[in-house]
Amino acid sequence: MENVCMNDASEPAFGMLFNSEQDAYDYYNSYGRAMGFSVRRHFVNKSKKDNTTITSRGFVCSKAGCRLSDKRDINIVNPRAETRTNCEARMNIYLVDEGKYKCRDFVREHNHELHTTSTVHMMRSQRNMLDIHRYEIDLADDSGIRPRSTVELMGRHAGGIENLSYMTQDVRNYLRTKRQRALTYGEAGSLMKYFVTQTRNNPSFTYSFQLDSEEQITNIFWADPKMIIDYTQFGDVVSFNTTFRTNKECRPFGLFARFNHHRGCTVFRAALLYDETVESFKWLFEVFAEAHGGKKPITIFTDQYKAMARALKEMWPQTWHGLCTWHLMQNGITHLGHMMKDGSHFLTNLKKCIYEYDVEDEFETAWFNLLDEYDVKNNEWLQRIYGLKSQWARCYMKNTFTIGIRSTQLSESLNSDLKDYLKSTLDVVQFFKHFERVLNQKRGNELKAEFDARNKMPRLANSMSIVQKQVGELYTPVIFQLFQEEYNWMTVCTIISRTDGNPYIYFRVGIYEADCEYKVCCNPLQGIVACSCMKFETDGILCCHCLKVLDVLDIKRIPEYYILKRWTRGATNMVVNDSRGKEVEQDVNLDCTQRYRRICHELIQIAAEASNTVEGYELVKDTANELRLKLGDIRNPVDCLDMPILTDFTNDIYDGLRLKHKEKSKRGGRRLKSWVEKQGKGKKKSGGPSNSQRLQTQQPTTAPNPTHMMDNTDPSYMSFMDSISHISSQASAVHQLLDEDYI
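Throughout, a residue's number is its position along its own chain's written sequence, starting from 1. Only residues with pLDDT of at least 70 get local features here, since the model is predicted, and only at 80 or more are side-chain atom pairs given and counted; chain-wide, interface and lining totals rely on the full set of residues. Each side-chain value is worked out from all heavy atoms of the structure, with water and hydrogens disregarded.

**As for the overall build of the protein chain**
Secondary structure elements are taken from DSSP: a helix is a run of H or I of four residues or more, a strand is a run of E of two residues or more, and numbering for both begins at the N terminus. The number of helices and strands found in the protein chain is 23 helices and 18 strands. Should any heavy atoms of two residues lie within 4.5 Å, those residues are considered in contact. Taking contacts inside the protein chain between residues at least 6 apart in sequence as the whole, the part at least 24 apart equals 65%.

**Let's talk about the sheet that holds strand S14 (residues 505–511)**
By definition, two strands form a pair when at least two bridges between them are found by DSSP. The strand order across the open sheet built from four strands is S13-S14-S15-S16, with neighbouring strands paired in antiparallel fashion. Taken across any chain shown, the strands that pair with only one partner, and hence form the sheet edges, are strand S13 (493–500) and strand S16 (528–531). Each adjacent strand pair in this sheet contributes to an overall mean axis angle of 20 degrees, direction not counted. Inspection of the sheet shows S13 paired to S14 by seven bridges, in the antiparallel sense. Pairing of Ser497 across the sheet is with Arg508, part of S14. Strand contacts of helix H18 (residues 544–552): S13, S14, strand S15 (517–523) and S16, with the helix running at about 60 degrees to S13, the strand carrying the most contacts. Fitted lines through C-alpha atoms serve as axes, helices being fitted only where they are in contact, and the angles separating the N-to-C directions of these axes extend from 0 to 180 degrees.

**Thoughts on the sheet that holds strand S2 (residues 39–46)**
An order of S1-S5-S4-S3-S2 is seen for the five strands of this open sheet, with the pairing classed as antiparallel. The sheet is open, and its two edges are formed by strand S1 (17–18) and S2, each paired on a single side. Pairing of strand S3 (residues 54–61) with strand S4 (residues 90–95), which is carried by five bridges, proceeds in the antiparallel orientation. Looking across to S4, one finds that Phe59 is bridged to Met91.

**With respect to the environment of Glu585**
Mapped onto the elements, Glu585 comes out in the loop between H18 and helix H19 (590–610). C-alpha of Glu585 to C-alpha of Pro225: the two residues are 360 residues apart in sequence and 6.6 Å apart in space.

**Quick look at the pairing of strand S5 (residues 101–107)**
Looking down a regular strand, the side chains alternate between one sheet face and the other. Two elements, S1 and S5, share two bridges in a ladder whose sense is antiparallel. Note on S5: the bridge partner recorded for Leu17 is Lys102. As judged from the six bridges shared by S4 and S5, these two strands associate in the antiparallel manner. Its bridge partner being in S5, Arg90 is matched across the sheet by Val107. In textbook terms, the turn of a hairpin is the stretch between consecutive antiparallel strands, and for S4 and S5 this stretch comprises five residues, one of which, Glu98, has a positive phi near 65 degrees.

**Quick notes on the pattern of salt bridges**
Side-chain pairs of opposite charge can arise whenever the charged atoms involved come near each other. By convention in these notes, a salt bridge is any Lys or Arg side-chain nitrogen within 4 Å of a carboxyl oxygen on Asp or Glu. Summed over the entire model, instances satisfying the criterion amount to 24 salt bridges. Notably, a salt bridge pairs Asp131 with Arg134, separated by 2.9 Å at the nearest N-O pair. Here Asp131 and its partner Arg134 are both found in helix H2 (residues 131–142), three residues apart, which amounts to about one turn of the helix. Between Lys448 and Asp452 there is a salt bridge, with its nearest N and O atoms 2.9 Å apart. With Lys448 and Asp452 both in helix H14 (residues 428–455), this residue pair falls four residues apart, about one helical turn. Each of Glu11, Arg108 and Glu109 takes part in one network of salt bridges that share partners.

**Focus on helix H20 (residues 614–632)**
By this rule, a helix spans an expected 1.5 Å times one less than how many residues it contains. A rise of 1.5 Å per residue sets the reference length of H20, with its 19 residues, at 27 Å; its end C-alpha atoms lie 27 Å apart and thus fit the reference within 8%. Pairing of N or O atoms within 3.5 Å defines a polar contact, subject to two protein rules: one partner must be a possible hydrogen donor and the other a possible acceptor, and residues neighboring in sequence count only if both atoms are side-chain atoms. For H20, the side-chain oxygen to backbone nitrogen distance between the N-cap and Gly616 is 3.0 Å, and the N-cap itself is Thr613.

**Some points on helix H7 (residues 278–291)**
Taking 1.5 Å per residue, 14 residues should reach 20 Å; H7 reaches 20 Å between its end C-alpha atoms and fits that length. H7 sits mainly inside the fold: 10 of its 14 residues count as buried. Buried residues are those whose accessible area, probed at 1.4 Å on protein chains only, stays under 20% of the maximum for their type, while exposed residues exceed 50% and partly exposed ones sit between those limits. Within H7, the full set of buried residues consists of Val278, Ser280, Phe281, Trp283, Leu284, Phe285, Val287, Phe288, Ala289 and Ala291. Directly after H7, the chain includes Gly293, whose backbone phi takes a positive value near 65 degrees.

**A word on the packing of helix H9 (residues 325–336) against helix H10 (residues 346–355)**
Two elements in contact, H9 and H10, have axes separated by 12 Å at closest approach and are oriented at 150 degrees. Considering the angle they form, H9 stands roughly antiparallel to H10. At the point where H9 passes H10, the crossing takes the right-handed sense. Of the residues in H10, those touching H9 at Thr325, Trp326, Leu328, Met329, Ile333 and Leu336 are Phe346, Leu347, Leu350, Lys351, Ile354 and Tyr355. Small angles under 35 degrees read as roughly parallel and large ones over 145 as roughly antiparallel, with 65 to 115 read as roughly perpendicular and the rest as oblique. What makes a crossing left-handed is the near helix being turned counterclockwise from the far one by less than a right angle; a clockwise turn instead makes it right-handed.

**Structural notes on the nonpolar core**
Core analysis: the largest hydrophobic core is formed by 40 residues, its most contacted members being Tyr475, Phe483, Val520, Leu542 and Ile558. Listed by contribution, the elements that provide at least two residues to this core are helix H15 (466–474), helix H16 (477–490), S14, S15, S16 and H18. In contact with Tyr475, not counting residues within four places along its chain, are Phe480, Phe483, Gly540, Tyr562, Ile563, Trp567, Thr568 and Arg569. Counting 32 residues, the second largest nonpolar core, distinct from the first, contains Ile220, Cys265, Val267 and Val428. Residues belong to a common nonpolar core when they are buried Ala, Val, Leu, Ile, Met, Phe, Trp, Tyr or Cys residues joined through side-chain atoms within 4.5 Å.

**Remarks on the pairing of S15**
Where S14 and S15 come together, six bridges link them in antiparallel fashion. For Tyr506, the partnering residue across the bridge sits in S15 and is Cys521. Between S14 and S15, which pair antiparallel one after the other, the connecting turn spans five residues, and Glu513 there sits at a positive phi close to 60 degrees. One ladder, built from four bridges, connects S15 with S16; its direction is antiparallel. Bridge pairing in S16 places Asn523 opposite Ile528.

**Observations concerning the packing of aromatic side chains**
Working definition: a ring pair exists when centres of Phe, Tyr or Trp rings (six-membered ring for Trp) sit within 6.5 Å. Plane angles under 30 degrees give stacked, over 60 give edge-to-face, the rest tilted. Under the defined criterion, the tally for this structure stands at 42 aromatic pairs. Summarising the aromatic geometry, the rings of Phe240 and Phe285 are spaced 5.8 Å apart at their centres and angled 75 degrees between planes, so their arrangement reads as edge-to-face. Highlighted residues: Phe240 in strand S8 (residues 237–246) and Phe285 in helix H7, separated in sequence by 45 residues. With respect to burial, Phe240 and Phe285 carry one shared label: buried. Within the aromatic cluster, the residues linked to one another by ring pairs are Phe221, Tyr231, Phe240, Phe256, Phe268, Phe281, Phe285, Phe288, Tyr305 and Trp316. Here, over-ring charges are defined by two tests on the NZ atom of lysine or the CZ atom of arginine: distance to the ring centre within 6 Å, and angle to the ring normal within 35 degrees. Over the aromatic face of Tyr25 sits the side chain of Arg41, whose NZ or CZ is 4.1 Å from the ring centroid. Here the basic side chain of Lys295 rests over the ring of Tyr231, its NZ or CZ set 5.1 Å away from the ring centre.

**Digging into unusual backbone geometry**
The omega torsion of the bond from Asn502 to Pro503 falls at 10 degrees, within 30 degrees of zero and hence cis. Along the chain, Pro503 falls in the loop between S13 and S14. With a phi close to 60 degrees, Asn51 is a non-glycine residue in the positive phi region. Positionally, Asn51 belongs in the loop between S2 and S3. Even without a glycine there, the phi angle at Glu513 is positive, about 60 degrees.

**Considering the confidence of the model for the protein chain**
Along the chain, pLDDT gives the predictor's confidence residue by residue, from 0 to 100. Taken over all residues, the pLDDT of the protein chain has a mean of 79, while the share at 70 or more is 78%. In this model residues 637–649 is a low-confidence stretch, pLDDT under 50, and it forms 26 contacts with partners more than four residues away in sequence or in other chains. Low pLDDT (under 50) marks residues 665–742, which in the prediction has 174 contacts with non-local residues, meaning those over four places away or in another chain.

**Quick notes on a negative patch on the surface**
Nonpolar side chains (Val, Leu, Ile, Met, Phe, Trp, Tyr) within 5 Å and like charges within 9 Å form the patches, drawn only from residues with over 30% relative accessible area and no salt bridge. Throughout, the Shrake-Rupley method with a 1.4 Å probe supplies accessible areas, and for residues the shown protein chains are the sole cover considered. In this tally Asp and Glu are treated as negative and Lys and Arg as positive; neither His nor the chain ends contributes. Charge placement uses NZ in Lys and CZ in Arg. For Asp and Glu, CG and CD serve respectively. Together, Glu615, Glu618, Asp622 and Glu626 make up a region of like negative charge exposed at the surface. Within the element layout of this structure, Glu626 appears in helix H20. By relative accessible area, Glu626 is classed as partly exposed at 47%.

Written out as structure tokens, the structure is:
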């Protein structure tokens, strides 16, 4: 009998020939699809000569055989449904001359109901995931698309889900298997492999991790080249918090972030901590400064955590430490929420003490009036925060450069974005993958702001104003809007008095129909101006009072000293060196990347046009094959003299190094909510322990050893980076936060 086409769905017959065992399976599987049953391979016999050549093979209906009895069945309350019916349908083949196979047995009849045409795509033997499918699924997963949405999207491309060769569960199984393979070296080994790969791609990538006395990794700290560049340019004011908990051990995720010149979120550094002890924070602040050649921020904002405050005082004594006012208010609601019910104005008056008063005497008067009015003089929490008033009260922050911020809410916003992508079930490797996505999303927002700044020119409130034209060309659009608000306020400023001196001229400036007065001194010859409101010293932008004085003195342009580069369009035009003195490049293969972007655009247009016709498709397909062969003959690797030579990643040494694990915390990955936040939801509180009852006493843990500190900038450590052991995880003691750890 002649050979048959494997796509032929006609009924198999005795003596039918097949070119290979796979062709026989495909033929019987196609027949099964047409009839409505799933097939599977059964017995196999191989040649005794080489033990690889198949001499005979059986194919059966998937319902062949029956489930064997299990002694554990008596303990099963809800047993699985039966899927086997002892069906006799089958096709057997055996090897003949010239490596072909002949059908020698075929049974047509089934003893069960067959599937309909609309459901045959769900049968197990009809579900097959090709390499192109895996590639598309990987792209969708990297983009944050859920498996169900991935299948729906690809089903639309294929003209319907029934035309796909896989189902949603197949996608989930593939992704789970992929994650398991990614952890071949264990969590710690895979983490080190990730760092080594990033360093190989760009030598400016830096990281450090801390080991405890048992050689377990406790704290992890890293930064990519873009973070290093951003910190050099905009790292004067930083916020840091660890309110977000990530991965299955609920490790505190520390994030250093702040504003760029577009007042957008910029990440400077990130860390995964084992706990929130003084030792962990001291290590973190130490390696942070070392990674930037000892440069420390002018100002840092954190939440009200005692261990963090102690570490900052010891490690960065010259950095001004401000407390996040948002966290301060939340703690106030937690401690004094009972006083904010029934129309009480306690919260409003407390906010005034935090945000409104510019003069210290006014603040002191308002604070003690608050204590007297609500009879809270003996409240311990109010006494504690009053002792820290220089870190949160507006009147005590006038001499501090804060770029106009008072909280870590920008980092909280980033944490909110992380919650959209991250789950508590993620392992460390998955966390890094998804964190990169969030980071790229924020950097995409920065590119959009940069595009808008070049594409749109700001509208001037006064088109004839020389000052507005000057700053409109220099400031980014967002900063120009802030400046223009001050310029508009200048029109209602009045000069109360003027005292001429040598070389300074002193002014008293007021606001029309407002009971306020500001002192401004100016040296016109040297271009110096200063105001008692201290807006330039805190925000980096001249206030309306200074602008009024400059206008009165007929100074038409703002002195260059009062235009900070960090707010200008050219803030990023500078060369940044790392801690080793080498220039940091965000993309070491920039030329290659640019060529890829240009040619990719051209090829997409060609593919779109070629797909419209069969002739065009065949032409492009043939041409692509020719180009692929020609490109294979071209060898022009990009050499980087500064790239460290890293050997293949192996596991020959440092056996026993592992990631220190924590038992899963009951509170999960979210911040504890205050009473007011819970009331705002409008839902009934279910019975059970309160938040404070959930918090347990901290268990003793092995203190990290500060002497065991490794990073990829240490030459003696490079050999270790090339070899890492297979890791076995071991659970450690629970660490949970105490109420008294917060101010």
